[in-house]
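Each chain, written out:
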Amino acid sequence: MTAGKGLCFCLLSLCFFHIPQVAFSQVNTQQVLLMGRAALYYDDYITAIHYFNTVLEAKPYMSDALYYRAAAKFSLEDYESAQADLDQAVLFNPFRVEYYQLRGLCRIHTADYEGAIADYSEVIRENAKDQSAVYNRILCRMELKDFDRADLELDTLLQLWPKFTRAYLIKAQLCLERKDTLGGLHWADSLLVISPREHAAWAFKGRYALQHEDYALADSCYTQALRYEKGNVDYYVERAQTRNAQSRYALAMADYDRAIEMVPQHFVAHYNRGLIRALVGDDNRAIEDFDFVISEEPDNVLAVYNRAELRKNIGDFKGAISDYSQLISAYPNFLYGYAQRAQCYRAVGDVRHAVRDEAYVRRADYDLVFGNGGRRPVKTVRKRSEKALERYDQPIVEDEDTTRHYASEFAGKVQNRKVERVFLPPCHTEGEKLVIDALRQPIYAPDERLRALVDHTNSLLDAGRKDEALAALRKAVETEWTAEAVLYYNIGCVEAESGSLEKAGEAFAKAFELDAKMAEALYNRAVVYLLQGRNDEAVPLLSTAGEMGLYKAYNLLKQAKNRK
């Protein structure tokens, strides 16, 4: 998804590069302010706040110092205090649009959507074509369930930017809020017409098919979504659900493996993988998954139930006794648990306790409802919080429908989840221009034959014919277009997707050598270095890419520094 030229606060780096210098009466105050900004640039927020405090002690009315201090606090997730600084900054200087932009983000984080709407309205009053402000105000209206006004503003947004992909996704989401599923599909399909690489639209269609139990179609849609967004863990988990429902257990487990590789603490992936492992007879590894689940939620009785059955299967009778005892403690009338525990007691030679459990079962009207069929393939899912014992072998999904917010990413919102090392996409045509879906800045307005070549090779990529696309691109740079940076960039994208990291890095380096304004080439080359474990070489490239306006690079920069 793209944010467009109007994105005014993608990460905090904007304030470093686009605010004009202010002439201060005291040189030392100016120098301290610049030192604070430098500390901000290097993510040293505590030091930055110290410098800005020093400035404000001398000049408490200096709105820029308040603004920068708010930016540092925002990065430390101290949103309330950041907003207080911005309130003061606006009071001293109500004409700086960036103050309202940052305050709008702070208010979003504190769920003050009415206040955020007021701030973004100020931004739009100054510049009606500020795309991020228009978009964020719409999302605030969505959060307030003001769907009618949001819909009208979406229409206006699409008139201004008819290819702004996020708008189509919000249209689809708005249809879902109104229970208009077919309308949502229409907007998803409309988006795929203009942007067939839009992973969120494919995921939307996948979720629709999953809800309607068309598992094969859902599987296909999620596969397409993952083709264009390999770093999205939710897509792997949801595709695994479709594959489990189709009894394609090996593929479902592969998806859960990938999800856990990306997010080792992924509760749902561990639980559901444990169920599949148990179903196919891989009891020991199933126990490993349920050990993890129980370590996260010791009172998860259905996980304990699953582990008890598995431990009994592999002959760990003492472990099974412990688990059945926990179940019986939670459910004193759980007759099946008593019967199973009695068998385990006999297996370890504890006849006295076995007889006691058997007597309890005989005195009751015992119905072996839980033990009459063993494990069976299960397509339906249950909410994670549902604890009915008879549903112990059903896959789980999270209680909150996180898919509702799949498109609601506020422009400039700093996400808490890890940024995946995903390459930016190849360059494509838009009219007479060539564009990369990152900065969305036109790169060239070249001749028609070059645009046709880009279109042709992208069509080959969409069809999965990578080798042909790569051959066509390499032939072009070796013959007619030897100095076209965009072609080298696309070569790097194809090589990267094919796993040829060394060749990809060389192509991205050549692209930047030919076009020193192509921040996307720097970013992708940095991702190559990160995947190769060469973090020291990646960091300066990401820093430069961020300085050039590709603010996504700063999130990855923090990740690279942390891993160092």
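Here the residue numbers are simple positions, counted from 1 along each chain's written sequence. Restriction of local features to residues with pLDDT of at least 70 applies here, the model being predicted, together with a cutoff of 80 or more for giving and counting side-chain atom pairs; totals for whole chains, interfaces and linings are based on all residues. Processing note: side-chain calculations cover all non-hydrogen atoms of the structure and skip hydrogens and water entirely.

Caption draft 1: Structural view of the overall build of the protein. Secondary structure is summarised from DSSP: a helix means a run of H or I of at least four residues, a strand means a run of E of at least two, and numbering begins at the N terminus for each. The secondary structure content of the protein amounts to 28 helices and four strands. For the protein, the proportion of its 564 residues judged to be buried stands at 55%. Only heavy atoms matter for contacts: two residues are in contact if any of them lie within 4.5 Å across the pair. Long-range contacts, defined as pairs at least 24 residues apart, comprise 55% of the intrachain contacts of the protein with a sequence gap of at least 6. Counting every atom, the protein has about 25,200 Å² of accessible surface; 50% of that belongs to carbon and sulfur. Summary of the burial criterion: residues with accessible area below 20% of their type's maximum are buried, those above 50% are exposed, and those between are partly exposed, where the area comes from a 1.4 Å probe applied to protein chains only. Only the protein chains shown count as cover for residues, and the accessible areas themselves come from Shrake-Rupley with a 1.4 Å probe.

Caption draft 2: Structural detail: the confidence of the model for the protein. Scored from 0 to 100, pLDDT records how confident the predictor is in each individual residue. Mean pLDDT over the protein works out to 83, with 85% of the residues at or above the 70 mark. Across the protein, helix H17 (residues 283–296) holds the top mean pLDDT of 95, while helix H1 (residues 14–17) sits lowest at 35. This stretch, residues 401–409, has a pLDDT under 50; its non-local contacts, to residues over four places away or in other chains, come to 27 contacts.

Caption draft 3: Highlighting the packing of aromatic side chains. Any two of the Phe, Tyr and Trp rings considered here, Trp counted by its six-membered ring, make a pair once their centres fall within 6.5 Å; the pair's planes then place it as stacked at under 30 degrees, edge-to-face at over 60, or tilted in between. In the structure shown here, the tally under the stated rule is 13 aromatic pairs. With centroids separated by 5.8 Å and ring planes inclined at 55°, the aromatic side chains of Tyr168 and Trp187 adopt a geometry described as tilted. Separated by 19 residues along the polypeptide, Tyr168 in helix H10 (residues 165–177) and Trp187 in helix H11 (residues 181–194) bring together distant segments of the chain. Aromatic pair Tyr271 and Phe290: ring centres 5.2 Å apart, planes at 85°, arrangement edge-to-face. You can see Tyr271 sitting in helix H16 (residues 267–279) and its partner Phe290 sitting in helix H17, a full 19 residues away along the chain.

Caption draft 4: Molecular detail of the pattern of salt bridges. Here, a salt bridge means any Lys or Arg side-chain nitrogen found within 4 Å of an Asp or Glu carboxyl oxygen. Per the counting criterion, the structure on display carries 41 salt bridges. A salt bridge links Asp255 to Arg243; the shortest N-O distance between them is 3.3 Å. Taken together, the positions of Asp255 in helix H15 (residues 249–262) and Arg243 in helix H14 (residues 233–245) put the pair 12 residues apart, joining distant regions of the chain. The same class applies to Asp255 as to Arg243, namely buried. Salt-bridge contacts for Asp291 lead to Arg307; the nearest nitrogen and oxygen are separated by 2.9 Å. In this pair, Asp291 sits in helix H17 while Arg307 sits in helix H18 (residues 301–314), placing the two residues 16 residues apart along the sequence. By relative accessible area, which is 11% here, Arg307 ends up buried. In the salt-bridge network here, residues are joined through shared partners; they are Asp87, Arg103, Arg107, Asp112 and Asp119.

Caption draft 5: Broad picture of helix H7 (residues 113–126). By this rule the span expected of a helix is its residue count minus one, scaled by 1.5 Å. Helix length check: H7 (14 residues) gives 20 Å between terminal C-alpha atoms against 20 Å at 1.5 Å per residue, within 8%. Summarising the contacts, the buried residues of H7 are in contact with helix H6 (97–109) and helix H8 (131–143).

Caption draft 6: Expanded view of the nonpolar core. Ranked by size, the top nonpolar core spans 120 residues in total, and within it Leu40, Ile138, Leu157, Tyr271 and Leu327 carry the most contacts. Setting aside its immediate chain neighbours within four residues, Tyr271 contacts Phe290, Val293, Asn300, Leu302, Ala303, Asn306, Arg382, Tyr392, Gln394 and Ile396. Put simply, a nonpolar core is a bunch of buried Ala, Val, Leu, Ile, Met, Phe, Trp, Tyr and Cys residues held in one set by side-chain atoms that sit within 4.5 Å of each other. Among the nonpolar cores identified, the runner-up in size contains 47 residues, and Val486, Ala504, Ala507 and Ala511 belong to it.

Caption draft 7: Seen up close, the packing of helix H25 (residues 501–514) against helix H26 (residues 519–531). Between the N-to-C directions of two axes lies an angle of 0 to 180 degrees, each axis being a line fitted to C-alpha atoms and, for a helix, fitted only over the stretch in contact. The N-to-C vectors of H25 and H26 enclose an angle of 155°; their axes lie 8 Å apart at closest approach. Between H25 and H26, the interaxial angle falls into the category roughly antiparallel. As for the relative orientation of H25 and H26, their crossing is left-handed in sense. Facing H25, whose interface residues are Leu501, Ala504, Gly505, Phe508, Ala509, Ala511 and Phe512, H26 presents Ala521, Leu522, Asn524, Arg525, Val528 and Leu531. Side-chain classes follow a simple rule in which Ala, Val, Leu, Ile, Met, Phe, Trp, Tyr, Cys and Pro form the nonpolar group, Asp, Glu, Lys and Arg form the charged group, and the remainder, Gly included, forms the polar group. Here the residues of the contact of H25 with H26 sort into 10 nonpolar, two polar and one charged. When describing relative orientation, an angle under 35 degrees is termed roughly parallel and one over 145 degrees roughly antiparallel, while 65 to 115 degrees is termed roughly perpendicular and anything else oblique. Helix crossings are classified by the rotation of the near helix relative to the far one: an anticlockwise turn of less than a right angle makes the crossing left-handed, while a clockwise turn makes it right-handed.

Caption draft 8: Up close: the packing of H6 against H7. Between H6 and H7, the least distance of the axes is 8 Å, while the angle of their chain directions is 160°. What the angle tells us is that H6 and H7 run roughly antiparallel. Of the two elements, H6 crosses H7, and the hand of that crossing is left-handed. Residues Val97, Tyr100, Gln101, Arg103, Gly104, Leu105, Arg107 and Ile108 of H6 form the contact with H7, whose participating residues are Tyr113, Gly115, Ala116, Asp119, Tyr120, Glu122, Val123 and Glu126. Residue classes in the contact of H6 with H7 are distributed as eight nonpolar, three polar and five charged.

Caption draft 9: Inspection of unusual backbone geometry at higher detail. Of note in this structure, Ala111 is not a glycine but carries a positive phi near 65°. On the secondary structure map, Ala111 appears in the loop between H6 and H7. Assessed through its relative accessible area of 48%, Ala111 is described here as partly exposed.

Caption draft 10: Quick look at helix H9 (residues 147–160). Taking 1.5 Å per residue as the helical rise, H9 with its 14 residues ought to reach 20 Å, and the 20 Å between its terminal C-alpha atoms agrees with that figure. Phe147, Ala150, Asp151, Glu153, Leu154, Leu157 and Leu158 are the residues of H9 that are buried.

Caption draft 11: Expanded view of the side chain of Ser121. The topology assignment puts Ser121 in helix H7. The exposure class of Ser121 is buried, given its relative accessible area of 17%.

Caption draft 12: Looking closely at the environment of Gly431. Relative to the helices and strands, Gly431 resides in the loop between strand S3 (428–430) and strand S4 (433–435). The spacing of Gly431 and Arg451 is 20 residues in sequence and 9.1 Å in space, taken between C-alpha atoms.

Caption draft 13: Summary view of the environment of Ile491. In this structure, Ile491 sits in helix H24 (residues 485–497). Under the relative-accessibility criterion, Ile491 is labelled buried at 0%. A C-alpha to C-alpha distance of 7.3 Å links Ile491 and Arg474, two positions 17 residues apart in sequence. The contacts of Ile491, once residues within four sequence positions are left out, are Leu470, Leu473, Arg474, Val477 and Ala507.

Caption draft 14: Highlighting the environment of Tyr135. Relative to the helices and strands, Tyr135 resides in helix H8. Residue Tyr135 is classed as buried on the basis of its relative accessible area of 1%. Sequence separation of Tyr135 and Tyr120 is 15 residues, and the distance between their C-alpha atoms is 9.3 Å.

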